[in-house]
Amino acid sequence: MKIEMLYSKIHRATVTDANLNYVGSITIDEELMEAANLLVGQKVDIVNINNGERFSTYVIKGERGKRDICLNGAAARKVHPGDKIIIIAYAQMEIDEAKEFKPAVIIVDDNNNIIKNTDNVRED
């Protein structure tokens, strides 16, 4: 049996832009993607801390070092620049694998600079 588990998250990222005139997705700085083990096209859930919105989209790579977090397309209506969001990815795994798996949890400051990287340390 497989269960769905936290794979990675970027916690309290600041939305830098919302671009309604783009085919949907979330643009994430390449360095943040790497730290969180996220891939281009990967499905993620977005939780807007400011307004409680929760929705799903997919990742596109942003320019390394710019610290951009931009919601595109229809998702742009669910955020405003400056909002704090949590970007969450899940993975399906066998129960035994899930017991040992360590998700990547990235905590960023107000400018989306990494201040803590759990580096796949299990949060029990």
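Now for a description of the structure that goes with this document. What you are looking at is a predicted structure, and each value in this text was computed from that prediction instead of being measured.

Reading guide: rules and limits
Residues numbered from 1 in each chain as written. Predicted model: local features only at pLDDT ≥ 70, side-chain atom pairs only at ≥ 80, totals over all residues. Heavy atoms only, no water. Core = buried A, V, L, I, M, F, W, Y, C linked by side-chain atoms within 4.5 Å. Buried < 20%, exposed > 50% of the residue type's maximum accessible area, 1.4 Å probe, protein only. Helix = DSSP H or I, 4+ residues; strand = E, 2+ residues; numbered from the N terminus. Contact = heavy atoms within 4.5 Å. Patch = residues over 30% accessible without salt bridge, like charges linked within 9 Å, V, L, I, M, F, W, Y side chains within 5 Å. Areas by Shrake-Rupley, 256 points an atom, 1.4 Å probe, with all protein chains shown as cover. Salt bridge = Lys/Arg side-chain N within 4 Å of Asp/Glu carboxyl O. Lys, Arg positive; Asp, Glu negative; His and termini not counted. Charge placed at Lys NZ, Arg CZ, Asp CG, Glu CD. Polar contact = N/O pair within 3.5 Å; in protein donor to acceptor, adjacent residues only side chain to side chain. Pairing = 2+ DSSP bridges.

**Points about the nonpolar core**
No. 1: Ranked by internal contacts, the top residues of the largest apolar core, which has 23 residues, are I10, I26, I28, L38, L71, I85 and I87.
No. 2: The set of elements that each furnish at least two residues to this core consists of β1 (2-14), β3 (25-29), α1 (30-35), β4 (43-48), β5 (54-62), β6 (69-72), β7 (84-94) and β8 (104-108).
No. 3: Those residues in contact with L71 that lie beyond four places of it in its chain are V15, D17, A18, N19, S25, I26, I46, F55, A76, V79 and I85.

**Regarding a negative patch on the surface**
No. 1: Taken together, E94, D96, E97 and E100 make up a surface patch of like negative charges.
No. 2: Per-element accounting of the negative patch gives the leading share, 3 residues, to helix α2 (residues 95-100).
No. 3: Counting through the fold element by element, E97 comes out in helix α2.
No. 4: What makes E97 partly exposed here is its relative accessible area of 45%.

**Let's talk about the side chain of Q42**
No. 1: Along the chain, Q42 falls in the loop between α1 and β4.
No. 2: On the basis of relative accessibility, which here comes to 17%, the residue Q42 falls in the buried class.
No. 3: Reaching out from Q42, the side chain makes a polar contact with the backbone nitrogen of L39 at a distance of 2.9 Å.

**Focus on the pattern of salt bridges**
Think of it this way: side chains of opposite charge can pair up when their charged atoms draw near.
No. 1: Per the counting criterion, the structure on display carries 7 salt bridges.
No. 2: Close ionic contact of R64 with E30 constitutes a salt bridge, the shortest N to O distance being 3.6 Å. Linking R64 in the loop between β5 and β6 with E30 in helix α1, this pair joins segments that are 34 residues apart in sequence.

**Structural notes on the pairing of β8**
No. 1: Of all 5 residues in β8, 4 are buried, a share of seventy percent or more.
No. 2: Pairing between β1 and β8: 4 bridges, direction parallel. Across the sheet, S8 pairs through a bridge with A104, a residue of β8.
No. 3: Of the strand pairs in this sheet, β8 and strand β9 (residues 114-117) are connected by 3 bridges, and their pairing is antiparallel. Within β9, the position partnered with I107 by the bridge is K116.
No. 4: Turn length for the β8-β9 hairpin, with the two strands adjacent in sequence and antiparallel, is 5 residues, and the turn residue N112 shows positive phi of about 65 degrees.

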